[in-house]
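# Survey of secondary and tertiary structure
Residues per chain, in single letters:
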Amino acid sequence: MSDGFRLAKLLVEPLVRRMLTERKQQAQRSQPLVDLINATLLDDYQRRRLHREIEAMRDAVGQRLDSFHDAEWRGLESQDRNVAMSTVVDAFVESDLSDSMFFAIDADPKNLARYIRKQRPSAAAEAGLGEAGSRFYDRLIDECCLIYTQLAVHMAQFTPRGIVELLSRTSSLSSSIEQLLQRIPVSTLDAPSGSDHDAEFLRRYLDHISRTLDTVELFGVNVRTYQPSTPLSVAYISLAVSPDVTPNQQARQDHTPPWERLSLLENDTRGFSSMQVEHALSGAARFLLRGEAGSGKTTLLRWLAVNTARRAFGTDLADCNERVPFFIKLRSYAGRHLPAPEEFLNGVADPLSALMPRGWVHRQLEAGRALLLIDGVDELAAEDRRPVRDWIRQLIRVESDNRLVITARPHAAAARWLAAEDFTSAMLQRMGATDLRKLIAHWHRAIRGVPDLPCAPEEISGYERALLAQLDSSPHLQALVTNPLLCAMLCAINLDRHSTLPPDRMGLYAAAMDMLLERRDVERRIPDDGAPRLSARDKTYLLQYLAWRLSINGRSELSREEATVRIGDRLGNMPLLTSDSSLVLNHLLQRSGVIREPAEGRIDFVHRTFQEYLTAREAAEHGDVGLLLHHAHQENWRETIIMAAGHANEPTRKALLAGLLGRASSEPRHSRTLRLLAAACLETAGPLDTELRSQVEACLSDLVPPRRSEEARSLASAGPALLVHAPRGLNPYSTEAASAMIEAVALLGTPQALDLLSFYAIEHSKIREDSDRERNRNQANRHLDAIQRKLFEMNRYFDGRRYSRAVLCHLRNIPHLELDNVTNLADDLRSLPPIKRMRLRGKLSDLKPIVSHIGPLEELTVQSESSIDVRSIANLPGLQFLTIECGDAVNLLPLHTLSLLRVLDLNCSEILSLNTLIEMGSLHTVRIRNSHPTCDLSILADGKISVLVTHQDMWIRWRDELPGNLSLWRPDS
């Protein structure tokens, strides 16, 4: 007899005795159960019937106990498990399970477990059980006591009034017991209270995420409400990223043909140095997304959370539709311990925290279903970032199938910060001309549904056209709006000031603060509601002190109590204001539009850039140059110091810039960082005396070319002065330095910058022609290929047609081309040099306008939101690699003309004419990623083509039915 069955017998038989006997007949209780049944029932059929019911009850309890140890203790050694169960059997045998004892413990399972342990306090140690075995023993005691008390209470209703009534009840007794045991949740380490409510809670949680995170702030609009916002799904635009690739990785990528590497059939970049962020995310389970202030990192994470909650992703991120999103704001944990899994809902789904089943988040992590969206590594102090990496490692160890996306500014996380944990890293790019127009259109479309606009809704289109016209006529204004935050602010100010726009970044921030703090309430004649009467100057004075206190402590958030104290401190210097500090804080939260309360009791700025702007203003007003210089080498103070140069008066500005140059001269370790910072201050500093400007601009000669992409962005901040010091040729410099120089020039976005890039393209073409005449110049050709790739990539910062005619037409060949919705460069394909690889995205039902102008294309990726007519693809005879992704059926019949096709990658709802592939002599690999196992793969059973199936349903459908000569392979097998 197994120990599990013995335990079941010990739990059931005493209760049956209690059912068969009167409570006063204690002597009968000690009789063997068989004798008691024989004495009670005289009819043989009745006895056998009762025996069967008792056996059924024993089996139900035994199966319950088996499911308990199989669910949680599968990894425990069988010997330890058997010893532990035997020890539990002995504990129950030696314990008094009489009525008096049962009443004494109030029929409570915890009290019963405490009583049994008290009888043999050292039972586990005496049995020789180790730590794991002892834990199993304790948990089994608890489980048995829970079952025993539940059965006892349930079976009390079966106390017989007579033999006839007893037998009439026993026919349903065992089934009732089984139903009772099913209702008791199976206790495991991850589910101490069971998991019966998981599905219901998941539904409510996803609905909450879908509603609460689907908002994006519209600066300056509808500030009478607590937080001006509109659905994120309306305002969101997809941005581009540049994968962080080392030179060695790039060289391997450039010179290894994709057909020679099976891994390239996965979601890799295949040499595409710029791609939409969604596609970059689709190819990496762990992703570090780096971006400058205001580049859209947090908005992207919110968009990922909302679409995951709604199960709304298409091809690129379809894997996320089965995941559970957790949006974790690291700013909330500055100076505190990082959140444990049970705290992942804090600050995002607080109303549901109390309803969450115990261990629910742990179960999502353990099952590999979680999508962890971790925002703002840079919003923690430098000393707090190392624990973040350790915390991430612990999360990864739980289950490797969970997906993680982490955001940070570049200074807080280098490209290889999480390389040891297999994170892919990419940098969010600045918005190009196409992105800028798209975001402006989305912004104006989004505000049409916002109440209390400063104009009639039908006038919105006029403001949008006026803004676009100003951008077309002002390259300097285009260069100013480089990220989604600045673009949204520009749209709001354009609406607020009736198309009168500020000339520079400092003016843009000043106009935004004026709009948010004062003009909206005044112009809308918002009635006095008894709140403190604060001028715009008063509000700024208070808010900049809050910003200052946060920045000097390396934080982005503070408690409401601390904010109230800080407001009180500043009010002490404002004798004309007598209001209570808590009332003033409430007024600023409700009316300023600059600070908010994202979670109860926690205060922060609507965007960290506003905190940096106000910190810089506070420092400049007090002339606190010493403190700014002390932090100047720290990247998290960079934006503050640049804006402080714009806020400062002439003596303070001169002292700041001279101090930066002085530190650069005396501290070789930080020299380049400080010189870059001084050069970047030229953007905001305004007029400088001749000598100081000459000293700062002289830094540029030593700083060009920049060494990497981060330095390129810093140099671009210097503005047109950079072009004076830019080299006339790039060939003498390293590949990375030449690429960074091209990027720095492109980021200026001016006609003069376009002229210099055109010069670089012409020079590159001439050098490449000379190189091709010589042999054994592989190293030089790799360098030239990298320069060409970078020149091509910079097209996104200019008008597509102008850039094509000025730069791209001079290139010898284009390694790859990416088109979104057939708009970018589609009209100028005739003027382009040969293209080898192309990726198309959007609504692409008709590909003819694009591919009809393409030369010897070798690789094509089509990601369409609609059905695809592949007949135009059939007119590309040199095609060797083809990927088709769409949500509709695809007819492969026209592809029989592609005699050179080697690899075909399909992700479609249905695949028609699969037998066409047999006629394609060069085809050796077909990858099928769709989830519908309707394709008849046996058609391909000629022993020549390898079929790669990456969906579980298709793998199960075909793994046992294909002929032996067909190779079926699954990447994770």
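Residues numbered from 1 in each chain as written. Predicted model: local features only at pLDDT ≥ 70, side-chain atom pairs only at ≥ 80, totals over all residues. Heavy atoms only, no water.

### Quick notes on the overall build of the protein
- For the protein, the helix and strand inventory stands at 41 helices and 22 strands.
- When burial is assessed residue by residue, the protein has 55% of its 973 residues classed as buried.
- Total accessible area computed for the protein in this model is approximately 41500 Å², and 48% of it derives from carbon and sulfur atoms. (Helix = DSSP H or I, 4+ residues; strand = E, 2+ residues; numbered from the N terminus. Buried < 20%, exposed > 50% of the residue type's maximum accessible area, 1.4 Å probe, protein only. Areas by Shrake-Rupley, 256 points an atom, 1.4 Å probe, with all protein chains shown as cover.)

### A few points about the side chain of arginine 385
- Relative to the elements of secondary structure, arginine 385 occurs in helix 18 (residues 385-398).
- One buried charge, arginine 385, has no salt-bridge partner; the nearest side chain with opposite charge is aspartate 378, at 6.8 Å.
- There is a polar contact of 3.1 Å between the side chain of arginine 385 and the backbone oxygen of leucine 380.
- Setting aside residues up to four positions removed in sequence, arginine 385 forms contacts with Val377, Asp378, Leu380, His411, Ala412, Trp417 and Asn636. (Lys, Arg positive; Asp, Glu negative; His and termini not counted. Salt bridge = Lys/Arg side-chain N within 4 Å of Asp/Glu carboxyl O. Polar contact = N/O pair within 3.5 Å; in protein donor to acceptor, adjacent residues only side chain to side chain. Contact = heavy atoms within 4.5 Å.)

### Observations regarding the sheet that holds strand 11 (residues 595-599)
- The sheet built from three strands is open, its strands ordered 10-12-11 with antiparallel pairing. In the strand order of this sheet, the two ends are held by strand 10 (557-559) and strand 11, each with one partner. Each neighbouring strand pair of the sheet contributes to a mean axis angle of 40 degrees, computed without reference to strand direction.
- One ladder, built from three bridges, connects strand 10 with strand 12 (residues 602-605); its direction is antiparallel. Looking across to strand 12, one finds that serine 559 is bridged to arginine 602.
- Of the strands in this sheet, strand 10, strand 11 and strand 12 are in contact with helix 24 (residues 536-552), which crosses strand 12 at around 100 degrees. (Pairing = 2+ DSSP bridges. Axes fitted to C-alpha atoms, helices over the stretch in contact; angles between N-to-C directions.)

### Quick notes on the pairing of strand 11
- Sheet topology note: the strand 11/strand 12 ladder contains three bridges and is antiparallel. Paired with alanine 599 across the strands is arginine 602, a residue of strand 12.
- From the end of strand 11 to the start of strand 12, which pair antiparallel, there are two residues, and glycine 601 there has a positive phi angle of about 85 degrees.

### Structural notes on empty space enclosed by the protein
- Tallying each qualifying case throughout the model produces six cavities of 30 Å³ or more.
- Roughly 130 Å³ of volume is contained in the largest cavity.
- If you trace the largest cavity, you find 16 residues lining it, with Ser551, Gly554, Arg608, Gln611 and Asn636 closest to the centre.
- For the lining of the largest cavity, the elements supplying multiple residues, two or more each, are helix 24 and helix 27 (608-621).
- Ranked by residues supplied to the lining of the largest cavity, first place goes to helix 27 with three residues. (1 Å grid on protein atoms, 1.4 Å probe; cavity = no way out; pocket = protein on both sides within 12 Å on 5 of 7 lines; lining within 4 Å. Points joined across faces, edges and corners; volume = space filled by probe spheres on them.)

### Examining the pattern of salt bridges
- Taken as a whole and assessed by the stated rule, the structure comprises 36 salt bridges.
- Here arginine 310 ties to aspartate 214 by a salt bridge, and the two come within 2.7 Å at their closest N and O atoms. Here arginine 310, found in the loop between helix 15 (297-309) and strand 6 (324-329), pairs with aspartate 214, found in the loop between helix 11 (198-212) and strand 1 (216-217); they are 96 residues apart in sequence, far enough to count as distant.
- Looking at arginine 310, the relative accessible area reads 37%, which means it is partly exposed.

### Observations concerning the confidence of the model for the protein
- Here the protein shows a mean pLDDT of 76. Residues at 70 or above account for 74%.
- Per-residue pLDDT stays below 50 along residues 26-30; that stretch engages in eight contacts with residues further than four places along the chain or on separate chains.
- Ignoring residues within four places in sequence, the model shows residues 221-228, a span with pLDDT below 50, making 31 contacts including any to other chains. (pLDDT = per-residue confidence, 0-100.)

### Describing helix 33 (residues 690-703)
- If you check helix 33, its first and last C-alpha atoms are 20 Å apart, about what 14 residues at 1.5 Å a residue would give, namely 20 Å.
- Listing the buried residues of helix 33 in full gives Leu692, Val696, Cys699, Leu700 and Leu703. Seen from one end, helix 33 has its buried residues packed into an arc of 105 degrees, which puts them on one side. Exposed and facing more than 90 degrees away from the buried side of helix 33 are Thr690, Glu691 and Asp702.
- Along its buried surface, helix 33 packs onto helix 30 (650-666), helix 31 (671-680), helix 32 (682-685), helix 34 (709-716) and helix 35 (721-725). (Expected span 1.5 Å × (residues − 1). Arc of directions from axis to C-beta.)

### Section: the environment of leucine 715
- Tracing the backbone through its elements, the reader meets leucine 715 in helix 34.
- In this structure leucine 715 comes out as buried when scored by relative accessible area, which is 0%.
- Through-space distance from the C-alpha of leucine 715 to that of leucine 700 is 7.9 Å; in sequence the pair is 15 residues apart.

### Considerations on the packing of helix 29 (residues 638-647) against helix 30
- In contact at an axis separation of 8 Å, helix 29 and helix 30 are set at 140 degrees when each is read in the N-to-C sense. Helix 29 and helix 30 meet at a crossing whose hand is left-handed. Across the interface between the two elements, Ile641, Ala644 and Ala645 of helix 29 pack against Arg653, Leu656 and Leu660 of helix 30.
- Partitioning the contact of helix 29 with helix 30 into residue classes produces five nonpolar, no polar and one charged. (Left-handed = near helix turned anticlockwise from the far one by under 90°. Nonpolar A, V, L, I, M, F, W, Y, C, P; charged D, E, K, R; others polar.)

### Things to note about helix 22 (residues 484-496)
- Taking 1.5 Å of rise per residue, the 13 residues of helix 22 would be expected to cover 18 Å, and the 18 Å separating its terminal C-alpha atoms lies within 8% of that figure.
- In terms of burial, helix 22 is largely enclosed, as 13 of its 13 residues are buried.
- Positive backbone phi, at 55 degrees, marks histidine 498, one or two positions downstream of helix 22.

### Observations concerning the sheet that holds strand 5 (residues 286-290)
- The sheet built from seven strands is open, its strands ordered 4-3-9-5-8-7-6 with mixed pairing. In this open sheet, the two edge strands, each paired with only one partner strand, are strand 4 (275-276) and strand 6.
- Alignment of strand 6 against strand 7 (residues 370-375), held across six bridges, turns out to be parallel. Across the sheet, valine 324 pairs through a bridge with alanine 370, a residue of strand 7.
- Packed on one face of the sheet, helix 15 meets strand 5, strand 6, strand 7, strand 8 (403-408) and strand 9 (424-428) and runs near 160 degrees to strand 7.

### A short note on the side chain of glutamine 611
- Checked against the element boundaries, glutamine 611 lands in helix 27.
- Accessibility expressed as a relative area gives 3% for glutamine 611, which makes it buried.
- Among the polar contacts made by the side chain of glutamine 611, one reaches the main-chain carbonyl oxygen of arginine 555 at a distance of 3.1 Å.

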